[in-house]
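Report on the structure
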Amino acid sequence: DMKTGTLTRQTFLSDIYTGTTRDYWLYIPQQYSSEHPANLMVFQDGESYLDSNKPMQVPLVMDELIAAKEIPPTVCLFVNPGQVITPTKAEHHPDSQRSFEYDTVSDQYSRFLINELLPQALAGLNISADPKNRIIAGFSSGGICAWSVAWFRSDIFGKVLSHCGSFVDIRGGGKYPYLIRNEAPKPIKMYFQSGSHDLDTRYGNWGLGNKQMAAALHFKDYDYHFEFGSQGHNLIHGAQLLKESLIWLFADDNTTDKSRD
């Protein structure tokens, strides 16, 4: 029978995002040993990657891949976006800071994650400091957020997994293809997907935004893999690719297909 990792839930109060609270979950595989540094994977919109009614169900996939020795033991942190602590009555839906935290092109979220949250969440654990052993992941605005963290702090996170990433002009994220083309390449390895039925709104076309990212990464010779399917703005295609994407990202060789559609 397969070894199941442990999953614990905590709450975090941020100073960098003043007046916000958020839940996070920590997954520790049963194969974790304090004698060996574990890999790290951080998921934005953490709850949607855990939800047993949604396609991803990351802990189950991690249990399988680690047991099969297809990836090394990996500690996973699932982080929700902040909610503003307001004195309103309990029945009011708390305000989410999701777009402000995830879509803004700045180092604020990476500072929150690296300087504030990780030290608390990973306290006492032996986690690899090598950015090649650390993936940051997310869906939609969480996908561009994952890219931003690696873009601003590739010394901490060297790998990105993005599902239907919002590489469009919500808060300036549409400029990433231009920035990638015009700045020296950063040591980032990226696996991402979108689809022909992804969003098309006044902010832009998500499928096109992801294709522009792929073209820019190709132009600068980044190590990347892009899958363009037929799904809409959801986690279905990404979940189908999850095992393959994790194995590809954590592989320590430099073989790459530089895929293009």
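This report concerns the structure included in the present document. (Residues numbered from 1 in each chain as written. Predicted model: local features only at pLDDT ≥ 70, side-chain atom pairs only at ≥ 80, totals over all residues. Heavy atoms only, no water.)

Scanning the chain for helices and strands turns up nine helices and 11 strands. Taken over the C-alpha trace, the chain has a radius of gyration of 17 Å; the compact-globule value for 261 residues is 18 Å, and the two agree within 12%. Each of the three principal axes of the chain carries a C-alpha extent, and together these read 50 × 40 × 35 Å. With 261 residues in all, the chain has 52% of them scored as buried. Partitioning the intrachain contacts of the chain with sequence separation of at least 6 by distance along the chain shows that 76% fall at a separation of at least 24. (Helix = DSSP H or I, 4+ residues; strand = E, 2+ residues; numbered from the N terminus. Rg over C-alpha atoms; globule rule 2.2 N^0.38 Å. Buried < 20%, exposed > 50% of the residue type's maximum accessible area, 1.4 Å probe, protein only. Contact = heavy atoms within 4.5 Å.)

For the structure shown, the criterion picks out six salt bridges. One salt bridge in this structure joins Arg-9 and Asp-23, with 2.7 Å as the shortest N-O distance. Taken as a pair, Arg-9 in strand S1 (residues 6-14) and Asp-23 in strand S2 (residues 20-28) lie far apart in primary sequence, 14 residues in all. According to the relative accessible area criterion, Arg-9 is exposed, its value standing at 53%. The partner of Arg-22 in a salt bridge is Glu-101, with the nearest N and O atoms 2.7 Å apart. In this pair, Arg-22 is assigned in strand S2 and Glu-101 in helix H3 (residues 98-103), connecting sequence segments 79 residues apart. (Salt bridge = Lys/Arg side-chain N within 4 Å of Asp/Glu carboxyl O.)

Of the pairings in the sheet, the one linking S1 to S2 comprises nine bridges and is antiparallel in character. Counterpart to Thr-6 in the pairing with S2 is Ile-28. In sequence, S1 turns back onto S2 through a hairpin of five residues, with Gly-19 there showing a positive phi of about 75 degrees. (Pairing = 2+ DSSP bridges.)

Here we come to the packing of aromatic side chains. Across all of its chains, the model carries 16 aromatic pairs by this definition. Seen from their ring centres, Tyr-17 and Tyr-109 are 6.4 Å apart, and the 40 degrees between their planes marks the pair as tilted. With a gap of 92 residues between them, Tyr-17 in the loop between S1 and S2 and Tyr-109 in helix H4 (residues 108-121) connect regions that are remote in the sequence. Each of the two residues, Tyr-17 as well as Tyr-109, counts as buried. Relative to Phe-112, the ring of Tyr-109 has its centre 5.3 Å away and its plane inclined at 55 degrees; by these criteria the two rings are tilted. Of this pair, Tyr-109 and Phe-112 both sit in helix H4, three residues apart, roughly one helical turn. Comparing Tyr-109 with Phe-112 shows no difference in burial state: the two are buried. The structure contains a cluster of three or more aromatic residues connected by ring pairs, namely Phe-12, Tyr-17, Phe-100, Tyr-102, Tyr-109 and Phe-112. (Phe/Tyr/Trp six-rings, centres within 6.5 Å; stacked < 30°, edge-to-face > 60°.)

Now for unusual backbone geometry. The residue Cys-164 is not glycine, and still its phi comes out positive at about 50 degrees. Here Cys-164 shows up in the loop between strand S7 (159-163) and helix H6 (176-182). Look at Cys-164 and you get buried, because its relative accessible area is 1%. Even without a glycine there, the phi angle at Asp-221 is positive, about 60 degrees.

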